[in-house]
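# Residue-level structural notes
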Amino acid sequence: MSAGAIGQAHPRLEGREKVTGTARYAMEYPVDGVTYGWVVPAAVVRGRITHIDTTEALASPGVLAVVHHGNAPRLATTPGPNLWLLQDPAVHYRGQYVAVVVATTLEAAREGAQLVRIEYDAGPHTTVLTDDHPGLYKPDHVNPAYPTDTAEGDFDAGYAAAQVRVDATYRTPAYHNNPMEPHATTAQWTDGRLLVHDSNQGATSVRATLAELFDVPRESVRVIAEHVGGGFGSKGYAKPAVVLAALAARHVDRPVKLALTRQQIFGPIGYRTPTIQRVRLAADTDGRLTAISHDSISQTSQILEYTESVAVYTRSMYAAPHRRTTHRVTRLDVPTPFWMRAPGECPGAYALESAMDELAVATGIDPVELRIRNDTEIDPDQGAPFTSRNLVACLREGAQRFGWADRNPTPRSRREGRFLIGSGVAGSAYPSQSVPASARITARPDGGFLVQINATDIGTGARTALWLVAADALQVPPERIEIRIGDSELPAAPVAGASMGTSSWSWAVIRAGEALRGKLRDGVPPDAEVSAEVDTSAELNAQARKPKFTYGAQFVEVRVDTTTGEIRLNRMLGVFTAGRIVNPTTARSQLIGGMTMGVSMALHEGGLFDERYGDWVNHDLGTYHITACADVESIEAYWLDERDDELNAAGVKGIGEVGIVGAAAAVANAVYHATGVRIRDLPIQLDKLIGTSALA
Amino acid sequence: MKPFRYHRPADVADAVAVLAAEPQAAYLAGGTNLVDLMKLGVQRPDVLVDVNRLPLDTVEELPDGGLRIGATVRNSHLAAHPTVRRDYPVLTRALLAAASGQLRNMATTGGNLLQRTRCPYFQDTSKACNKRDPGSGCAALHGVNRDLAVLDWSEQCVATNPSDMAVALAVLDAVVEVHDTDGVRDVPLADLYRSPGAHPERETTLARGALITAVRLPALPAARRSTYLKARDRASFAFAAGSVAAVLDLDGDVIRDVRLAYGALAHRPWRAYRAEQELRGHPFSPELVARAADAELAEARPLSENGFKLPLTRSITVRVLSGLAGRAQS
Ligand SMILES: Cc1cc2nc3c(=O)[nH]c(=O)nc-3n(C[C@H](O)[C@H](O)[C@H](O)COP(=O)(O)OP(=O)(O)OC[C@H]3O[C@@H](n4cnc5c(N)ncnc54)[C@H](O)[C@@H]3O)c2cc1C
Ligand code: SF4
């Protein structure tokens, strides 16, 4: 492969369409005779619907139908209980979508939804996670397929014998994925064929699920997701909006547009579970870890087991002879938690990287140095060497750029006017995986090329990245290439998630490019179109399984206002190693986006739960705060060159998640350094500081 | 959304007449609060009477040195008005501390005064709320109430008034001009809002259908030395966790006059008469200010989650008055 396009900063190909509003999102495709669907959420937590009175709703102007379990088309059960919607009267959590009102306008559908009268037979509920919840149990595995518990050596003995010990429990609240574009679908049935324009992270799998649910051949379903306004994991596979839209369209025999409101997505579309995490670290006085344990408690729903892989991060991050990780989960009357940016690693790294900071304090060793001392070339979990691990280089480079050497380690040692200033550091890591994908490239007689792959650009810049990869694979300038993604008619490809999109898709594109070049005479356009299509399954399956990770180190300086307890970031800086960086412009956005989301987790976000209602009470972005630009005055992301030939065809590692991993710990550690007070339950807000010794 | 009719009144009298005739009508100004609540089903008017084209969009200087602010003057225009910036900096600061640039470009003076509480239960029709649905109960009293009242609440409602602007107007002794079918009258800002008591659904003393046409600020030379401080959970686009508006007039070291009002503490902007009284006529000192704030808060009854508002209020009072007194806090 020639190096040319890859590594060059390039704006998004569809940037102009997006900023001028001509890029079409799922709800924006014009469709003749379209109708609008509006969901009705359950008003009880647990129970059964005993009666649905639709008289008033149906009498309301414009309303065509109320679809509910009593009249909805039947769905297959196999795609799982979260998608078996409007099929029976059972209510498993508050807010469950129990009916869809279809009307000729959006407003009429919304009004109709207000007029549906539902009676329930409701029972008692349990909705709050506690560390002694009687329902806690050991699941068979944790998301997606990791072992539940691990143990090496003898943790208890190692811990008891150590010279220095840290034992701390950290708590995180529920976090809600809030992509700018909420879940939305336009669905139309024509002669038994289903076409959906849907906001999702992977149209190939959504098509398969819809075909299964509606019992039609896959070829009869087409899913288009050309532009997607974010997902953060919540659109990782078929979700209620697409199912309900298709169901409603079939019921009324007309096209249906259905979008969830901001209020409706807090819960039923998935969220990050609250966690309670106990981390124990033991070390000698030089700071070398001798024992590590990480015990995680989280929740799932009554209908589906999803266990967030919280402690998995700890299995591979730092070495010690005695190690243990456990996961316990309990079923509550709540919606099923699901993927949210770096599921598992994100909350887990918050706890472990906070505990490392506590260990640094306990041993009197600088927290950067402590992490360097506990670096390992062998993955403690798999017992095999990492294909590449440049955590130490990230720590060193970051420390140097940040000016870490000037830091006085004593907490509360820096005061400027009414502010206490502190800084903190954390490590970051995220697995770098690839899964099989297929791609087709066509050479055209005019010298141009068409690249086709059902990748999804959820705002990351994936389309542009693949276009650059294709240029190098074909050894032509990128301007000669047209790329099509986001359509299930294109060659099948995996979801944009788990930081494996670019690595998986680019692999297929490169192999297709190679195959096509084999069919062409060097540099000469063919007389008629020539195509090559590849599937990377065989090559991937033949690859030896080795520990591969993206790494990073994040540095944060906060100021804490002693008169209000307000915490703001003076600056944040991350250094990462992620193999080759395809497009620096969008890579930077991914990294600082992830870092900012970590700041949000540390300082702002959190579902506020009301046990009596079994529901969160903050249902919009006015009350569920996410970090605003004004909170982060300076943010920088850098990366170090890294060449790793054991990864994938393009030599890339994922960068979608690593930015959020560890970021919250870096902020929390900085707050500790500023104030001398360790807050172990997020978010750290002014009410936890004002009136305490932190600000005195 | 409930279907509604839209009416663009010819003049103030027409607007008032429509409201008088229609039991379920509402004035539409910037719509930044009303339209949200309509979408959520919290407010369900039959008719919207659009006041945006009424000739109420000017800021006039009054002969006595005061200012008359039309009801449809946008928050962003008001904040930028040179006279406001010079003579009433507390008002500019309060306006700019609120919401976002986009919202301030739409939000009006009248709409800002009558914006509804941000209590989360009020905004969710599936939960109990006496203010939205009298008699249904107050879910916040024993629920999520971190942002709600510590002063003057009732068992029926513990909501706070969310407006930053109104807190500034409270220290400026603003007067609200109101039109109803009986004609024009003046309502001092101090009398505009009600305590929640047994009827939290009644938020103001205005008659149903009354139209706010203007807000008058009396001349107040001391207000040149005034400011607004807002503590909040994020650096922009957040309602106050605590806020204070202050005017300070010193004679040497002695406090000749002082005016204080708090946001985020009660169902109305909370003018701190008691604290003012403790301060007036005494030599300035941060300790005295802290004591005065404590005196103001003596009757506070924090809820399960909002005890932090007491130390916060004390602390921001000291900071703001020290700043106005030219004694920056260390
Ligand atoms: C996300 C968000 C964040 C916000 N943050 C803040 C903040 O930090 N601080 C803050 O103070 N505010 C904040 N606001 C609220 C904002 O200030 C108000 O929404 C705005 O001031 C309302 O003005 P409006 O003209 O849009 O009123 P509208 O929404 O048009 O009307 C509000 C109410 O006033 C009535 N009304 C309007 N004009 C008149 C009149 N002339 N006479 C009689 N009745 C009238 C309407 O009928 C309605 O009941 C925020 C709002 C949002 C959406
Ligand atoms: S505090 Fe007031 S607004 Fe909030 S729930 Fe109670 S009655 Fe409703």
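Residues numbered from 1 in each chain as written. Chains lettered and ligands numbered in written order. Predicted model: local features only at pLDDT ≥ 70, side-chain atom pairs only at ≥ 80, totals over all residues. Heavy atoms only, no water.

Attention shifts here to the packing of helix α11 (residues 286-296) of chain B against helix α12 (residues 309-324) of chain B. Residue and element names in this part refer to chain B. Orientation of α11 relative to α12, taken along the N-to-C sense of each, is 140°, at an axis distance of 9 Å. Viewed along their axes, α11 and α12 adopt a mutual orientation that is oblique. Here the hand of the crossing between α11 and α12 comes out right-handed. On α12, the residues touching P286, V289, A290, A293 and D294 of α11 are R314, T317, V318, L321 and S322. (Axes fitted to C-alpha atoms, helices over the stretch in contact; angles between N-to-C directions. Helix = DSSP H or I, 4+ residues; strand = E, 2+ residues; numbered from the N terminus. Parallel < 35°, antiparallel > 145°, perpendicular 65-115°, else oblique. Left-handed = near helix turned anticlockwise from the far one by under 90°. Contact = heavy atoms within 4.5 Å.)

Whether parallel or antiparallel, the strands of a sheet pair through hydrogen bonds between backbone atoms. Residues and elements named next belong to chain B. Strands sit in the order β9-β10-β11-β12 across an open sheet of four strands; the sheet is antiparallel. Among the strands making up the open sheet, the edge pair consists of β9 (226-231) and β12 (270-271). Both strand β10 (residues 242-251) and strand β11 (residues 254-263) contribute to a ladder of nine bridges, which runs antiparallel. When the sheet's bridge partners are listed, S243 is paired in β11 with G263. Sitting on the sheet, helix α5 (residues 89-96) touches β9 and β10, and the angle it makes with β9 is about 20°. (Pairing = 2+ DSSP bridges.)

L210, L281 and V558 of chain A together with L260 and L321 of chain B are the most contacted members of the largest nonpolar core, which totals 168 residues. Counting residues per element, this core draws most heavily on helix α6 (residues 240-252) of chain A, which supplies 10 residues. Core analysis: the next-biggest nonpolar cluster, separate from the first, contains 55 residues, V49, L56, A168 and A174 of chain B among them. (Core = buried A, V, L, I, M, F, W, Y, C linked by side-chain atoms within 4.5 Å. Buried < 20%, exposed > 50% of the residue type's maximum accessible area, 1.4 Å probe, protein only.)

Looking now at the site of ligand 2. Residues and elements named next belong to chain B. Contacts to ligand 2 come from 15 residues, most closely from C119, C129, C138, C157 and V158. More than half of the atoms of ligand 2 fall within 2 Å of the grid points belonging to the largest cavity. For the shell around ligand 2, the residue count by class is 11 nonpolar, three polar and one charged. (Near = heavy atom within 4 Å. 1 Å grid on protein atoms, 1.4 Å probe; cavity = no way out; pocket = protein on both sides within 12 Å on 5 of 7 lines; lining within 4 Å. Sits in = over half its atoms within 2 Å of the grid points. Nonpolar A, V, L, I, M, F, W, Y, C, P; charged D, E, K, R; others polar.)

Accessible area lost upon the coming together of the parts serves often as the stated size of an interface. Here chain B is partitioned into domain 1 (5-50) and domain 2 (222-324). Here domain 1 of chain B and domain 2 of chain B have C-alpha centroids that lie 36 Å from each other. (Domains from an automatic or database assignment.)

Residue and element names in this part refer to chain A. In strand β21 (residues 449-452), alternate side chains face the same way, and those of F449 and V451 on one face and L450 and Q452 on the other are all buried. Here strand β20 (residues 438-443) runs beside β21; their pairing, made up of four bridges, is antiparallel. In the strand pairing of β21, I441 is matched with V451. In this structure, the hairpin formed by β20 and β21 is closed by a connection of five residues, where G447 is found at a positive phi of approximately 95°. With respect to chirality, the unit in which β21 leads through helix α11 (residues 462-474) into the neighbouring parallel strand β22 (residues 481-484) is right-handed. (Right-handed = clockwise from strand over helix to strand, strands pointing away.)

This part is about the sheet that holds strand β1 (residues 35-41) of chain A. Residue and element names in this part refer to chain A. Judged by pairing direction, the sheet is mixed, and its seven strands sit side by side in the order β3-β5-β1-β14-β11-β12-β13 without closing on themselves. Looking along the sheet, the strands with just one partner apiece sit at the ends: β3 (63-68) and β13 (221-224). Averaged over neighbouring strand pairs, the angle between their axes works out to 20° when direction is ignored. Bridge count between strand β11 (residues 184-190) and strand β14 (residues 256-259): four bridges; the pairing is antiparallel. In the strand pairing of β14, A184 is matched with A259. Docked against the sheet, helix α3 (residues 106-115) engages β1, β3 and β5 (97-103), running at close to 25° with respect to β1. Strand contacts of α6: β1, β3, β5, β11, β12 (193-198) and β14, with the helix running at about 35° to β11, the strand carrying the most contacts.

Residue and element names in this part refer to chain B. In the region of ligand 1, 31 residues are neighbours, and Y27, G31, T32, T108 and D164 sit closest. Across the complex, the protein chains shield 94% of the 980 Å² of accessible surface that ligand 1 would expose by itself. Elements with a contribution of two residues or more to the shell around ligand 1: α2 (34-39), α7 (109-113) and β8 (211-217). Tallying contributions element by element places α7 first for the shell around ligand 1, with three residues. Split into classes, the residues belonging to the shell around ligand 1 amount to 16 nonpolar, 11 polar and four charged. Split by domain, the residues of the shell around ligand 1 number at least three in each of domain 1 (5-50) and domain 2 (222-324). (Areas by Shrake-Rupley, 256 points an atom, 1.4 Å probe, with all protein chains shown as cover.)

Next up on the list: the interface of chain A and chain B. Taken together, the 37 residues of chain A in the interface contact 37 residues of chain B. Between chain A and chain B, a total of about 3100 Å² is buried, with carbon and sulfur atoms accounting for 52% of that surface. Applying the counting rule to chain A against chain B returns four salt bridges. At the junction of chain A and chain B, the tally comes to 19 residue pairs in polar contact (both at pLDDT 80 or more). Looking at the side of chain A that touches chain B, the elements with two or more residues in it are α3, β26 (609-610) and β27 (615-616) of chain A. Residue classes in the side of chain A that touches chain B are distributed as 11 nonpolar, 11 polar and 15 charged. (Buried area = accessible area lost by both parts, 1.4 Å probe. Salt bridge = Lys/Arg side-chain N within 4 Å of Asp/Glu carboxyl O. Polar contact = N/O pair within 3.5 Å; in protein donor to acceptor, adjacent residues only side chain to side chain.)

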